[in-house]
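# Chains, contacts and geometry: an overview
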Amino acid sequence: MGVHRLQTFLKTDVSNVCYRNVDIKTLAAQYRQETGKQPLMVVDGSNCVRKIYMAKDNGWVLGGDMLDFIKEMKSFVSAFRSVDVDIIFYFDGVTCKDKLRTWILRRDYQMEQIGNLFCDLENKRKDLSEYSKSIQSPLIGATGQFAIKFECSCNVRLSVEECDWEIAEFARKEGCFAVLSGDSDFAILQGARYYFLVDDLDLATMTTSVFIRDDLLTALGLQSHQLFLLASLLGNDIISFEELKTFHTQFCSGKKKKRCLLPKVAQYVKKWEVQGDYSDKVLQEIALDVFQDEDRFKDLKASIRSYQPQQAADEEEKTSVATNTSKVEENWRQIKELARGKHVSSSTTKFLYGVIMGDGVVMGVSQEDYRNKDIVCVAKMYRSLRQRIYGILLLEKPGGATTVEELCVESDVCPTEYQQVSIEWIPNLRSIHPGLQHLWKKDCSPKCRWRLFAESLTQKKKLDASSLENLDFAYVVPVAVLFYLKQVMPWFYFDGKLLLDMYTKAIRGASNESLCGYKDEVYRDFRHMLDIVQPRTSWR
């Protein structure tokens, strides 16, 4: 979301002072000449990916547009490489609990949009293009970072703290050329030399608009640290604009409010003549003045802190490790270190890191009809599987573990707090679990991994691990999903013309050979998969 009204102020209210159009190739050449370094641009992936993809007016198809997505992302990367600019992508890796209220508001909006989408689908409305602006394709949201890493050969990182701050801090430490985003927080944060606006990016001409932080300070007459209080009093991801409306009305109202609000709040910030960090006492006075509640200083403090350098959690942990640490504790410390490395390098999903670090699991809004109470929602459907995986991930945790925190959307009402979910332990887990450190090594036995994977799927009927091992890897996931879901049947959870067509032919008695298009190779794969899912099913 960024800072309320800041981007508009930069673009219109002080036009050509903090904001101007630029030629990226020219700026990159100047940077290279002045620094002797190769220009490196950090892309705010969570903010930019959909905008880059939708810039070509691509209409999404319910998750089935990954090839088009990869094609557009390759074009994006190639365009910057053509002007000799390197790229690194950053994605949100954690859900910050300080921003829980904002997270809930966004999920409520998404559910409303998805509900409207299903209404239009039921009413056979053909033009659904407007939804591409507010609803991201499911596969892009879940696997976009991996597509960029492996298909576009780009460096991809996931954050372990607040993502905007991490991007800015990385850019500052590395002396990066630019940050590309549409989040006005980057006009506040001190990071790269330039903040490029993704909305104004033209890949054909390699031009965009740029915001200059120092020029913003000059235009407002503020010092650097005062920008953080300004952002907090305008409204951001921690303190919402709605909470500040009463405070804002004392400065301006009516038609002129939008134009005059930011300069007026900046004048208010100047009144608090503080050099450096704001003390709790000062923040209490501001909170009393702004909210009529001095206890709200905690929110102001959290908001300001989100823009400032933070000590990484792993560094704090390393400094507190005792010399007499037990083997179990040292093993767990090493596991957490490995998990962090895999997470940061985008080598695994966010799920794994959150569980191991004790931050819990967050599952947002899926592209499903939450209004239909006859269908079990995705989060509930896979809860048992998640519970069994928790046991695998936390088996070696010192002192043991019994529950994991989850924040999962399971109905048309968004949850407002984390829930404690019990761990479901796989029988004889210790006898088949080699330890996470060994499991993550390249030389870990595939049979060991396949058995652990197969055992994790269900409590009762077991999947034959050797059958999965012999199956083409591309088919493993759909086969495992069907095996897991075979007591509710797949047509309750999948939709599409092809599925309906094939299902209709099947119930009318079409042979398996005809359903496979009389292709021997396809039929052999079908028989192999069916033998795993339904071992006793007749082939004809």
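For the structure itself, consult the block above.
This text gives an overview of the structure that appears in the document. A quick note: this is a predicted structure, and the numbers were derived from the prediction, not measured. (Residues numbered from 1 in each chain as written. Predicted model: local features only at pLDDT ≥ 70, side-chain atom pairs only at ≥ 80, totals over all residues. Heavy atoms only, no water.)

The next thing to look at is the overall build of the protein chain. The secondary structure content of the protein chain amounts to 27 helices and ten strands. Taken over the C-alpha trace, the protein chain has a radius of gyration of 26 Å; the compact-globule value for 540 residues is 24 Å, and the two agree within 12%. Expressed as lengths along the three principal axes of its C-alpha atoms, the size of the protein chain is roughly 80 × 65 × 50 Å. Taking all 540 residues of the protein chain together, 47% fall into the buried category. The long-range share in the protein chain, meaning contacts at least 24 apart out of those at least 6 apart in sequence, stands at 67%. Here the protein chain has roughly 28400 Å² of accessible surface; of this, 51% comes from carbon and sulfur atoms. Looking at the protein chain, you have 73 positive and 74 negative side-chain charges, and the mean spots of the two groups are 2 Å apart. (Helix = DSSP H or I, 4+ residues; strand = E, 2+ residues; numbered from the N terminus. Rg over C-alpha atoms; globule rule 2.2 N^0.38 Å. Buried < 20%, exposed > 50% of the residue type's maximum accessible area, 1.4 Å probe, protein only. Contact = heavy atoms within 4.5 Å. Areas by Shrake-Rupley, 256 points an atom, 1.4 Å probe, with all protein chains shown as cover. Lys, Arg positive; Asp, Glu negative; His and termini not counted. Charge placed at Lys NZ, Arg CZ, Asp CG, Glu CD.)

Bringing the pairing of strand S5 (residues 178-181) into the picture now. Both faces of S5 are covered, namely the face carrying Ala178 and Leu180 and the face carrying Val179 and Ser181. As judged from the three bridges shared by strand S2 (residues 40-44) and S5, these two strands associate in the parallel manner. Opposite Val43, over in S5, you have Leu180 as the bridge partner. (Pairing = 2+ DSSP bridges.)

Moving on: the sheet that holds strand S4 (residues 155-158). Ordered by their spatial adjacency, seven strands build an open sheet running S1-S7-S6-S5-S2-S3-S4, and the pairing between neighbours is mixed. Here the strands that pair on one side only, and so sit at the sheet edges, are strand S1 (19-23) and S4. Averaged over all pairs of adjacent strands, the angle between strand axes in this sheet comes to 30°, irrespective of strand direction. Bridge analysis of strand S3 (residues 86-91) against S4 gives four bridges, and the strand direction is parallel. For Tyr90, the partnering residue across the bridge sits in S4 and is Arg157. In the packing of helix H2 (residues 24-35) onto the sheet, contacts are made with S1, strand S6 (194-202) and strand S7 (207-211), and the angle to S1 comes to roughly 85°. (Axes fitted to C-alpha atoms, helices over the stretch in contact; angles between N-to-C directions.)

For Arg5, which is not glycine, the phi dihedral falls at a positive 75°. For Ser346, which is not glycine, the phi dihedral falls at a positive 55°. Checked against the element boundaries, Ser346 lands in the loop between helix H16 (327-344) and helix H17 (350-356).

Moving on to the packing of aromatic side chains. For the coordinates displayed, the defined rule picks out 21 aromatic pairs. Both rings, one in Trp450 and one in Phe453, keep their centres 6.2 Å apart while their planes meet at 80°; by these two values the pair is edge-to-face. Taken together, the positions of Trp450 and Phe453, both in helix H22 (residues 446-457) and three residues apart, correspond to about one turn of that helix. Assessed through its relative accessible area of 32%, Phe453 is described here as partly exposed. (Phe/Tyr/Trp six-rings, centres within 6.5 Å; stacked < 30°, edge-to-face > 60°.)

Attention now goes to a nonpolar patch on the surface. A surface patch of nonpolar side chains, amounting to about 370 Å² of accessible area, comprises Leu499, Leu500, Tyr503 and Ile507. For Leu499, the position within the fold is in helix H25 (residues 497-507). (Patch = residues over 30% accessible without salt bridge, like charges linked within 9 Å, V, L, I, M, F, W, Y side chains within 5 Å. Salt bridge = Lys/Arg side-chain N within 4 Å of Asp/Glu carboxyl O.)

Our focus in this paragraph is the pattern of salt bridges. Side-chain pairs of opposite charge can arise whenever the charged atoms involved come near each other. Under the criterion given, the structure shown has 26 salt bridges. Among the salt bridges present, the one from Asp295 reaches Lys298, with a minimum N-O distance of 3.4 Å. Look at Asp295 and you get partly exposed, because its relative accessible area is 42%. Looking at Lys298, the relative accessible area reads 49%, which means it is partly exposed. The partner of Arg386 in a salt bridge is Glu406, and the shortest N-O contact between them spans 2.8 Å. Highlighted residues: Arg386 in helix H19 (residues 383-394) and Glu406 in strand S9 (residues 403-408), separated in sequence by 20 residues. Owing to a relative accessible area of 3%, Glu406 belongs among the buried residues under this scheme.

The sheet built from three strands is open, its strands ordered S8-S9-S10 with mixed pairing. The open sheet has two edge strands, strand S8 (361-363) and strand S10 (419-422), and neither has a second partner. When the angles between neighbouring strand axes are averaged without regard to direction, this sheet yields 35°. Two elements, S8 and S9, share three bridges in a ladder whose sense is parallel. Note on S9: the bridge partner recorded for Val361 is Glu406. Together, S8, S9 and S10 form the strand contacts of H19, whose direction differs from that of S9 by roughly 140°.

To continue, consider helix H24 (residues 473-485). Residues lying three or four places apart along an α-helix face the same way, a consequence of the helix completing one turn every 3.6 residues. Within the sequence span of H24, burial applies to Val476, Val479, Ala480, Phe483, Tyr484 and Leu485. Considering only its buried residues, H24 is in contact with helix H18 (378-381), H19, H22, helix H23 (465-470) and helix H27 (520-533).

What follows deals with the nonpolar core. Most often, soluble globular proteins keep nonpolar side chains buried together rather than apart. In terms of nonpolar packing, the biggest core is built from 60 residues, with Val42, Leu230, Leu233 and Ile286 touching the most fellow members. In this view, Val42 contacts Ile88, Tyr90, Ile167, Phe170, Ala171, Cys176, Ala178, Val179 and Leu180; residues no more than four positions away in its chain are not counted. One finds Met54, Cys152, Leu158 and Val198 within the second-largest nonpolar core, a separate group that totals 42 residues. (Core = buried A, V, L, I, M, F, W, Y, C linked by side-chain atoms within 4.5 Å.)

Moving on: the packing of helix H10 (residues 226-234) against helix H14 (residues 297-305). The interhelical angle for the contact between H10 and H14, taken along N-to-C directions, is 125°, at an axis separation of 9 Å. It follows from the interaxial angle that H10 and H14 lie oblique. The crossing of H10 and H14 is right-handed. Between H10, through Phe228, Leu229, Ser232 and Leu233, and H14, the contact on the second element is made entirely by Leu300, Ser303 and Ile304. (Parallel < 35°, antiparallel > 145°, perpendicular 65-115°, else oblique. Left-handed = near helix turned anticlockwise from the far one by under 90°.)

Quick look at the state of the cysteines now. Applying the stated criterion to the full structure yields zero disulfides. With no disulfide of its own, Cys96 has Cys163 as its nearest cysteine by sulfur position, at a separation of 8.7 Å. (Disulfide = S-S within 2.5 Å.)

Right, let's talk about empty space enclosed by the protein for a bit. This model, assessed by the stated rule, comprises two cavities of 30 Å³ or more. Of the volumes computed, that of the largest cavity is approximately 80 Å³. Every residue along the wall of the largest cavity is listed here: Gly2, Lys99, Glu162, Asp164, Trp165, Asp185, Leu189, Asn236, Asp237, Ile238, Ser306 and Tyr307. Considering only residue class, the lining of the largest cavity consists of four nonpolar, three polar and five charged. (1 Å grid on protein atoms, 1.4 Å probe; cavity = no way out; pocket = protein on both sides within 12 Å on 5 of 7 lines; lining within 4 Å. Points joined across faces, edges and corners; volume = space filled by probe spheres on them. Nonpolar A, V, L, I, M, F, W, Y, C, P; charged D, E, K, R; others polar.)

A few words now on helix H3 (residues 45-54). In terms of burial, H3 is largely enclosed, as seven of its ten residues are buried. Inspection of H3 places Gly45, Asn47, Cys48, Val49, Ile52, Tyr53 and Met54 among the buried residues, and these make up the whole buried set.

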